[in-house]
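# Architecture at a glance
One-letter residues, chain by chain:
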Amino acid sequence: MTEDLYRPADLSLGELELSDRAALRRVAGLSTELADITEVEYRQLRLEQVVLVGVWTEGSAQQSEASLAELARLAETAGSRVLEGLIQRRDRPDPATYVGRGKVDELAGVVAATGADTVICDGELSPSQLRQLESRLKVKVIDRTALILDIFAQHARSKEGKAQVELAQLQYLLPRLRGWGEALSRQAGGRAGGGNGGVGLRGPGETKIETDRRRIRARISKLRREISGMAVVRETKRGRRTANAVPSVAIAGYTNAGKSSLLNAMTGAGVLVEDALFATLDATTRRSTTPDGRVYTLTDTVGFVRHLPHQLVEAFRSTLDEVADADLIVHVVDGSDVMPEWQVSAVREVLGDIQKRRDLAMPPELMVVNKIDAANEVSLARLRHLLPGAVFVSAHTGAGTDELRERVAELLPRPEREVEVLVPYARGELVARVHREGEVLTERHTEEGTRLRARVKPDLAGVLADFSADGTSA
């Protein structure tokens, strides 16, 4: 009761989550090297000093720099401070060290000079590349996939979201488990003096790493069962909306394109909004109405990114299916981004993977360019040429949202049966149902009842058949 006195009642759920998320952030200039705090608190308080490294294999120099800039934003979102960034031009990543022997020596010098304690690579490293880099650089090395998984682990809130992230992390970790190393390997046996045995070399082998692998596999199986059970609940809710003939709209797009802000602007949902990559992970569904009064649902889905880890795509399968099962996809693009066409191609690549897996046609797509208040006129003119038919909005100022509502209403499926009925005033619940599920074309109140001409679904048309304007009510 006392705690509630210090929480303003007018704050939305998203604002409360945002204040909780920022509660343990580091204050510049103050020492945070505390010993009596938990590991999670420590990771949030102590900013890691990181050096970024990328391999430029294709595209332009501008694209490679944009990719490294995005990696820097990911690192900052995870709670790190970027000290330096290096890019190397190669035909393909070096199979041994990712960047090549010469670049590793240069990277080691940068790490020593800056005092960095972590190196982040802009790509997915193989277990051998990870080992080689850590042994040569003498600091922790992670790749882009591990960084994204870490951000997801920090931002997951719901039970389903936490289970999906843990599943993705375990799938990533399983092939990268490391034991005692070659120098202390005890995987040997046989008679003394033999080539594979001898004194000090006989034993059970690396039982700890094998035990860890078995535990991880068992945990992965359990998580898959739990997520399947949660997917059934999600399917039940979706089936209930379908049975009630409520059209659904899925908001998809690149991370930090403003999907949650757009959901708040259109429905007043009050979900968390933060200028950070992958700020929200859990799918949020809210009810809305078209300008002509039809009810539909808006679902904010998890954001996409270039080279989205396949472990996440598999783990978030039930959440991503919300996009495939929608009646309309609102594809949100950040109009203020340096290369918005990269965002579009990355999102469509993931949507294409979903389509192949489901083997179903994807719903129609409505392109929405957000953050026009932060974009310059030249960029907006280029986007109008690249994305004809797109709606240009600002979720922050509200500009263009009315046009967006009208476009959504035009593209949503309309009821296919047109009826003209005279409903007695005693059956007012039918009039309310027509307004809720159908599209009212004309409505007139007479002495006998409410005369309606509307478009409705076949099941509702069957219910209204007894009240045809040509006949009499039952």
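Here is a short report on the structure shown in this document.

Cut-offs used in this document
Numbering of residues begins from 1 in every chain and follows the order in which that chain's sequence is written. Since the coordinates come from a predicted model, pLDDT governs what is reported: local features require at least 70, and pairs of side-chain atoms require 80 or more to be given and counted, while whole-chain, interface and lining totals use all residues. Derived side-chain values reflect all non-hydrogen atoms in the structure, with water molecules and hydrogen atoms excluded from consideration. Method remark: on a 1 Å grid restricted to protein atoms, a set of points is classed as a cavity if a 1.4 Å probe fits but cannot get out and as a pocket if it is open with protein on both sides within 12 Å along at least five of seven lines; lining residues have an atom within 4 Å of a point. Grid points are joined across faces, edges and corners, and a volume is the space filled by probe spheres set on the points. The helix count covers DSSP runs of H or I at least four residues long, the strand count covers runs of E at least two residues long, and both are numbered beginning at the N terminus. The rule is short: rings of Phe, Tyr and Trp, with Trp giving its six-membered ring, pair when the centres are within 6.5 Å, and they are stacked under 30 degrees, edge-to-face over 60, tilted in between. A ring is scored as having a charge over it whenever the NZ atom of a lysine or the CZ atom of an arginine sits within 6 Å of its centre and within 35 degrees of its normal. For this scheme, ten residues count as nonpolar: Ala, Val, Leu, Ile, Met, Phe, Trp, Tyr, Cys and Pro. Four count as charged, namely Asp, Glu, Lys and Arg, and the remainder, Gly too, count as polar. The nonpolar core is taken to be a set of buried Ala, Val, Leu, Ile, Met, Phe, Trp, Tyr and Cys residues, with the residues joined through side-chain atoms within 4.5 Å. Categorising residues by exposure relies on relative accessible area from a 1.4 Å probe, with only protein chains included: less than 20% of the type maximum marks a residue as buried, more than 50% marks it as exposed, and the intermediate range marks it as partly exposed. Should any heavy atoms of two residues lie within 4.5 Å, those residues are counted as being in contact. By definition, a salt bridge exists where a carboxyl oxygen of Asp or Glu is found within 4 Å of a side-chain nitrogen of Lys or Arg.

Here the largest pocket is characterised by a volume of approximately 770 Å³. Around the largest pocket, the lining is made up of 31 residues, and of these Glu-58, Ser-67, Asp-122, Arg-306 and His-307 lie nearest the centre. For the lining of the largest pocket, the secondary-structure elements that each account for two or more residues are β1 (48-56), α3 (61-77), α10 (310-315) and α12 (340-358). Per element, the largest residue contribution to the lining of the largest pocket is 8 residues, and it comes from α12.

Counted by the stated rule, this structure contains 0 aromatic pairs. Across from the ring centre of Trp-56, 4.6 Å away, lies the NZ or CZ of Arg-89, which sits over that ring. One residue, Arg-384, lies across the ring of Phe-392, its end atom 4.4 Å from the ring centre.

Evaluation of the coordinates by the stated rule reveals 1 cavity of 30 Å³ or more. Taken as a whole, the largest cavity holds about 40 Å³ of empty space. If you go around the largest cavity, the residues you meet are Phe-152, Val-302, Leu-308, Leu-312, Val-313, Phe-316 and Leu-320. Looking at the lining of the largest cavity residue by residue, the classes come out as 7 nonpolar, no polar and no charged.

Next up on the list: the nonpolar core. Judged by nonpolar contacts, the single largest core of 54 residues is most densely connected at Leu-74, Phe-152, Phe-278, Phe-304, Leu-308, Leu-312 and Phe-316. If sequence neighbours within four positions are ignored, Phe-304 has contacts with Ala-252, Gly-253, Tyr-254, Thr-255, Leu-320, Val-347, Val-350 and Leu-351.

The full count for this structure, using the stated rule, is 17 salt bridges. Taking the shortest distance from any N to any O, the salt bridge between Arg-176 and Glu-124 comes out at 3.2 Å. Residue Arg-176 is located in the loop between α7 (159-173) and α8 (207-243), and its partner Glu-124 is located in the loop between β3 (118-121) and α5 (127-137); the two are separated by 52 residues in the primary sequence. Its relative accessible area of 39% is what places Glu-124 among the partly exposed residues. The partner of Glu-418 in a salt bridge is Arg-453, and the shortest N-O contact between them spans 2.9 Å. With Glu-418 in strand β11 (residues 417-423) and Arg-453 in strand β13 (residues 450-456), this residue pair connects regions lying 35 residues apart in the sequence. What makes Glu-418 partly exposed here is its relative accessible area of 44%. One salt-bridge network, in which partners are shared between bridges, spans Glu-70, Asp-122, Arg-144 and Arg-306.

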